[in-house]
Amino acid sequence: MPRIGLIAGNGRFPFLVLEAAHSLGHAVTVVAIKEEADAALEQAARDSGAALHWVSLGQLGKCIEVLKKAGATQAVMAGQVKHAKIFAGIVPDLTLLSVLTKLKAKTTDALIAAAADVLRQRGIELLDSTTFLRPLLATAGVMTAREPSESEWADLRFGYRMADQIAGLDIGQTIVVKDLAVVAVEAMEGTDDVIARAGRLAGPGTSVIKVAKPNQDMRFDVPVVGPPTIRAMQQAGATTLSVDAGKTLMFERGELVTLADAGGLAIVGRAA
């Protein structure tokens, strides 16, 4: 089996990819982003017999150098890198600078797709980021004990068109709706923050819609939900969550659904 490179951001995503790739017998080299990846990833890599190298966000050249030296010809991007970090004073190396100077917009898709192009030019192909985690993809239909009410279904149907438009513009992948009105739209702040903002604006009874982009590149920026999403919804009084089946990763799904059921929340997977 070829050596796999794991480019790790924050959250549980890198840990799960590392564990799954290791269990399938792959040799893994981890490139962990200093500003994002969990320090515990170092011990997880050690336990899996994987080499781990820390790089800063601006060091695209060093990331490529590490993967090439390890003999990796394929890599997976796993874990979030907050888009707002583009304002954090990152010092790009020459490789990243060559990417940034060619961009017409600093959207998520534009930034990561350009970096992926450079990786491919250097002989490293980015794989679908769900390659090792297919069982964690959301399924179609109602996933909780409670189905959405008629009014919640109406809010979901109302919100899908707006959510798809926002995602297609690469602004965000989550909107929050209540009583056939869009309460909050995600931009750079992330899903949990937009849910909290909607709760402050509209109170309880909101519906959260998280979608994949119309032409979702499954190599990066794949929608993810997990128990923290449900906790954020509970704190904000949100009652319904919709995700896109087959294109959304549901981390710790058992705990996620148990939490939702305990709180009377409804979760649905929108069919492709």
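Relevant structure appears above.
Predicted, not measured: the structure shown is a model, and the values here were computed from it.

Overview of the overall build of the chain
Within the chain, the regular secondary structure consists of nine helices and 13 strands. Expected size for 272 residues packed as a compact globule is a radius of gyration near 19 Å; at 19 Å, the chain falls within 12% of this value. Viewed in the frame of its principal axes, the chain has a C-alpha envelope of about 55 × 40 × 30 Å. Considering the chain as a whole, with its 272 residues, one finds that 50% of them fall into the buried category. Sequence separation of 24 or more characterises 74% of the internal contacts of the chain that already satisfy a separation of 6 or more. Surface accessibility of the chain: about 12,300 Å² in total, with carbon and sulfur atoms responsible for 55%. Charge centroids of the chain, computed over 28 positive and 29 negative side chains, lie 6 Å from each other.

With respect to the sheet that holds strand β6 (residues 141–142)
Ordered by their spatial adjacency, six strands build an open sheet running β6-β13-β11-β9-β7-β8, and the pairing between neighbours is mixed. At either margin of the open sheet sits one strand with a lone partner, and together these are β6 and β8 (181–185). Two elements, strand β9 (residues 207–210) and strand β11 (residues 240–244), share three bridges in a ladder whose sense is parallel. Within β11, the residue paired with I209 across the bridge is S242.

Things to note about the side chain of E152
Of note, E152 is situated in helix α6 (residues 150–168). Relative accessible area serves as the criterion here: at 10%, E152 is assigned to the buried category.

A look at the pattern of salt bridges
A complete count under the given rule lists twelve salt bridges for this structure. A salt bridge links K213 to D170; the nearest nitrogen and oxygen atoms lie 3.0 Å apart. One end of the pair, K213, is in the loop between β9 and β10 (224–225); the other, D170, is in the loop between α6 and β7 (174–178), with 43 residues separating them in the sequence. Its relative accessible area of 5% is what places K213 among the buried residues. Classification of D170 by relative accessible area gives buried; the value is 13%. One salt-bridge network, in which partners are shared between bridges, spans D164, D244 and R270.

Considering α6
Between its first and last C-alpha, α6 extends 27 Å over 19 residues, near the 27 Å set by a 1.5 Å rise per residue. Approximately 35° is the largest bend angle found in α6, and it occurs at G159. Residues of α6 that are buried: E152, D155, L156, G159, Y160, M162, A163, I166 and A167. Backbone geometry just downstream of α6 places D170 in the positive-phi region, at approximately 60°.

A few points about the sheet that holds strand β3 (residues 51–55)
Taken in spatial order, the five strands of this open sheet run β3-β2-β1-β4-β5, and their pairing is parallel. At either margin of the open sheet sits one strand with a lone partner, and together these are β3 and β5 (125–126). Taken together, the five bridges between strand β2 (residues 28–33) and β3 define a ladder with parallel strand orientation. The residue of β3 that forms the bridge with T29 is A51. Against the sheet, helix α1 (residues 13–23) makes contact with β1 (4–8), β2 and β4 (74–78), and its axis sits at roughly 145° relative to β4, the strand it touches most.

The rules behind these values
- Throughout, a residue's number is its position along its own chain's written sequence, starting from 1.
- Side-chain atom pairs in this predicted model are given and counted only at pLDDT of 80 or more, local residue features only at pLDDT of at least 70, and totals for whole chains, interfaces and linings cover all residues.
- Only hydrogens and water are removed before side-chain values are computed, so all heavy atoms of the structure are retained for them.
- Strands are runs of DSSP state E lasting at least two residues, helices are runs of H or I lasting at least four, and both sets are numbered from the N terminus onward.
- Computation of the radius of gyration draws on C-alpha atoms alone. For the globule rule, the value is 2.2 Å times the number of residues to the power 0.38.
- The buried label applies to any residue whose accessible area, calculated with a 1.4 Å probe on protein chains only, is under 20% of its type's maximum; exposed applies above 50%, and partly exposed to all values in between.
- Here, residues are in contact when the closest pair of their heavy atoms is within 4.5 Å.
- Using a 1.4 Å probe, accessible areas were evaluated by the Shrake-Rupley method; residue-level cover was limited to the displayed protein chains.
- Charge assignment in this entry is limited to Lys and Arg as positive and Asp and Glu as negative, and neither His nor the chain termini are counted.
- Charged side chains are reduced to one point each, which is NZ for Lys, CZ for Arg, CG for Asp and CD for Glu.
- Between any two strands, at least two bridges found by DSSP are needed for them to pair.
- Just to be clear on terms, a salt bridge is a Lys or Arg side-chain nitrogen sitting within 4 Å of an Asp or Glu carboxyl oxygen.
- The span one expects for a helix is its residue count, reduced by one, times 1.5 Å.
- Given a residue, its bend is the angle between the two axes fitted to the seven residues that end at it and to the seven that start from it.
- Lines fitted to C-alpha atoms define the axes here, with helix axes fitted over just the stretch in contact, and angles between the N-to-C directions of these axes take values from 0 to 180 degrees.

Read these as layout, nothing more, since geometry by itself doesn't imply function.
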